[in-house]
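# Report on the structure
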Amino acid sequence: MSFTSNQIQKIRAEFPILFSKIHDKPLVYLDNAATLHKPNVVLESLNEFYKKNNANVHRGVHTLSQRATEQYEEVRKKVCSFLGTTDTQEIIFTSGTTQSINLVAYSISDWINKGDTICVSRLEHHSNFVPWQQLALRRKANFEICELDPDLHIDPIHFEKILKTSKVKIVALTAMSNVTGGIEDIASLSTIAKKYGALVLIDAAQASTHLKLNLSKLNNIDFLAFSSHKIGGPTGVGVLWGKKDLLEKMPPFQFGGDMISLVTDDKTLFNELPYKFEAGTPNFADTVAMGAAIDYIQSLGIENISQYEGELLDFAVEKLEQIEGLEIFGSKNLNTRGAVISFSIKGLHPHDLAHFLDHQGIAIRAGHHCAYPLIKKYGFNALNRASFSFYNTFEEIEVFFASLLNAKKYFKRSGEKRDE
Amino acid sequence: MNESFSLDSIYQEILMDHSSSPRNFEKLEKCDIQAEGFNPLCGDQVTLQIVLDSRKKEIKEIKFQGEGCSICMASSSMMTESLQNKSLSESLKIIEDFRGLMQDKVSADVFENEDLTSLSGVKRFPVRIKCALLPWTTLSEPIKNQIKKGENS
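Keep in mind the model is a prediction, meaning the values are calculated, not measured. (Residues numbered from 1 in each chain as written. Chains lettered and ligands numbered in written order. Predicted model: local features only at pLDDT ≥ 70, side-chain atom pairs only at ≥ 80, totals over all residues. Heavy atoms only, no water.)

## Let's talk about unusual backbone geometry
Peptide bonds are mostly trans, and most non-glycine residues show a negative phi. Here the residue pair L273(A) and P274(A) is connected by a cis peptide bond, since its omega of -5° sits within 30 degrees of zero. Inspection of the secondary structure assignment puts P274(A) in the loop between β12 (268-270) and α9 (284-300). Its identity as a non-glycine residue notwithstanding, N24(B) has a phi of 55°, on the positive side. Tracing the sequence through the fold places N24(B) in the loop between α2 (13-20) and β1 (33-39). For N24(B), a relative accessible area of 18% corresponds to the buried category. One non-glycine residue, N85(B), lies in the positive phi region at around 65°. (Helix = DSSP H or I, 4+ residues; strand = E, 2+ residues; numbered from the N terminus. Buried < 20%, exposed > 50% of the residue type's maximum accessible area, 1.4 Å probe, protein only.)

Put into structure tokens, the structure is as follows:
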């Protein structure tokens with residue numbers, strides 16, 4: 001089921017920022033892949049936590065600390081349900097996807113030796129690229145990049161070739177690209193990886209609000225990371241899910257409060273999972289508010305969100321393809337795409353376009369989208385990106401389309417003069 | 001301020017003219033100074049090449065190549081025109097003045113090259129200042145180094 005236009009208006013009413021005016025124009029926010037706006041329930045959760053329940057978690061016997069601890073721990077259950085899993089000991093709170101990935105990359109460092117291979121894909125965001133590249137450098141291991149097929153998805157043939165010909169210890173893949181919007185077949189890819197005994201980490205930062213992630217059916221995935229702010233929760237919180245047997249074998253990534261069980265002058269016993277990986281005072285207020293975001297997303301239904309965003313994508317692509325000189329960088333098969341469109345317009349630099357659109361109230365991203373190895377490989381220095389979410393409307397896409405045409409006209413001025 | 005005025009204040013005709021037909025946009029086979037600048041956030045990239053006079057004190061020829069937004073391209077183009085036939089120390093002064101212009105510390109009328117005035121609109125858009133500054137900051141260190149080299153020889 002998708003959403004009706006009435007339902008969308010009700011949803012929009014829950015996001016105060018969507019009613020902003022930018023340069024006297026109604027905001028058209030098409031930068032959802034960078035961060036999602038926050039619904040009232042999340043804003044209220046933060047406010048209420050600080051007003052009524054604020055105290056450090058896992059530390060006090062007093063009522064407030066107990067309340068805060070209960071609320072914080074309750075979010076682990078929500079995350080489990082969000083990811084289709086059950087064991088709260090497997091849910092580690094971090095500062096975001098980037099920290100989740102770095103946690104794994106540092107903690108398993110000693111498992112990687114000279115001659116081993118670490119594999120990522122061409123689609124990866126810098127956050128799921130650089131930690132592995134650097135780990136390989138530290139451990140004198142090989143670093144392999146799995147290339148894309150002609151349709152810009154991770155190429156399973158090249159993937160298997162890498163696994164077959166080298167000793168791959170871990171593969172790190174995105175579930176959905178923040179550039180092409182490609183929804184990657186992580187079920188098959190992780191099955192291939194397992195056949196060769198490699199660990200599998202999935203970067204779900206982009207996928208988390210657009211696709212239903214059901215870990216109960218994805219047995220070959222060992223780690224998965226996502227961020228609160230991309231699902232409408234606060235910034236500064238993220239999740240690492242990992243298989244318990246692995247997390248138990250892994251040494252702590254950071255040392256400090258909360259992750260300690262017993263400290264003597266010469267040794268320390270670490271706390272049990274998940275606390276072993278949560279050093280220091282956790283970001284509990286924001287974590288509780290992330291719980292509100294998960295409830296909100298689940299109340300809308302991820303399947304409904306996917307379907308509605310699919311309709312937005314179809315409409316936007318249909319419009320954009322009418323623009324001469326506009327090239328979309330992504331799969332032609334829209335069923336394998338999320339609602340992210342990276343594009344270039346001949347003769348119009350992304351920065352200039354984004355600046356022009358901003359003056360029309362339209363927020364898009366311009367740049368390399370933190371995926372420089374990807375866009376460089378395909379011959380771009382920068383791209384524009386419009387990314388849609390469940391609160392966007394078809395009318396907004398019309399406004400965007402009309403503004404793109406105006407931008408082309410605006411920047412053509414001096415080009416024409418030269419042609420004369 | 002209406003929206004079209006503020007957009008036009010940055011995308012002035014002269015700026016658009018430089019960006020669509022950049023001056024001194026070519027590659028030299030041989031040069032005395034070569035410097036590459038890169039703006040990682042937006043993917044702007046410029047390569048600057050300079051041929052010095054026989055005393056190695058004056059810029060005889062200055063060319064650039066690269067890819068970037070219209071502000072970066074126009075700024076590079078105007079910079080090459082401004083530094084042509086200038087001594088290294090004069091060039092450094094112009095570079096510093098341009099930095100000052102972007103920080104709103106120097107007025108646009110200090111520049112001999114009047115086209116540069118059109119870039120002063122950029123300073124009102126903090127995210128675009130680095131686009132305008134890229135070629136200038138790229139050249140700053142190499143010119144300082146060349147001046148030092150000259151003093152030591």
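Picking up where we left off.
## Looking at the interface of chain B and chain A
Each partner contributes to the interface: chain B provides 26 residues, whereas chain A provides 20 residues. A combined buried area of about 2,100 Å² lies between chain B and chain A, and 50% of that area is made up of carbon and sulfur atoms. Taken together, chain B and chain A are joined by 1 salt bridge. One can count 10 residue pairs in polar contact (both at pLDDT 80 or more) joining chain B with chain A. Of all the secondary structure elements, the ones that give two or more residues to the side of chain B that touches chain A are α1 (3-10), α2, α3 (70-83) and α5 (126-152) of chain B. Broken down by element, the residue count for the side of chain B that touches chain A peaks at 5 residues, all from α1(B). Residues belonging to the side of chain B that touches chain A are distributed by class as follows: 12 nonpolar, 6 polar and 8 charged. (Contact = heavy atoms within 4.5 Å. Buried area = accessible area lost by both parts, 1.4 Å probe. Salt bridge = Lys/Arg side-chain N within 4 Å of Asp/Glu carboxyl O. Polar contact = N/O pair within 3.5 Å; in protein donor to acceptor, adjacent residues only side chain to side chain. Nonpolar A, V, L, I, M, F, W, Y, C, P; charged D, E, K, R; others polar.)

None of the figures reported here should be taken as evidence of function without further support.
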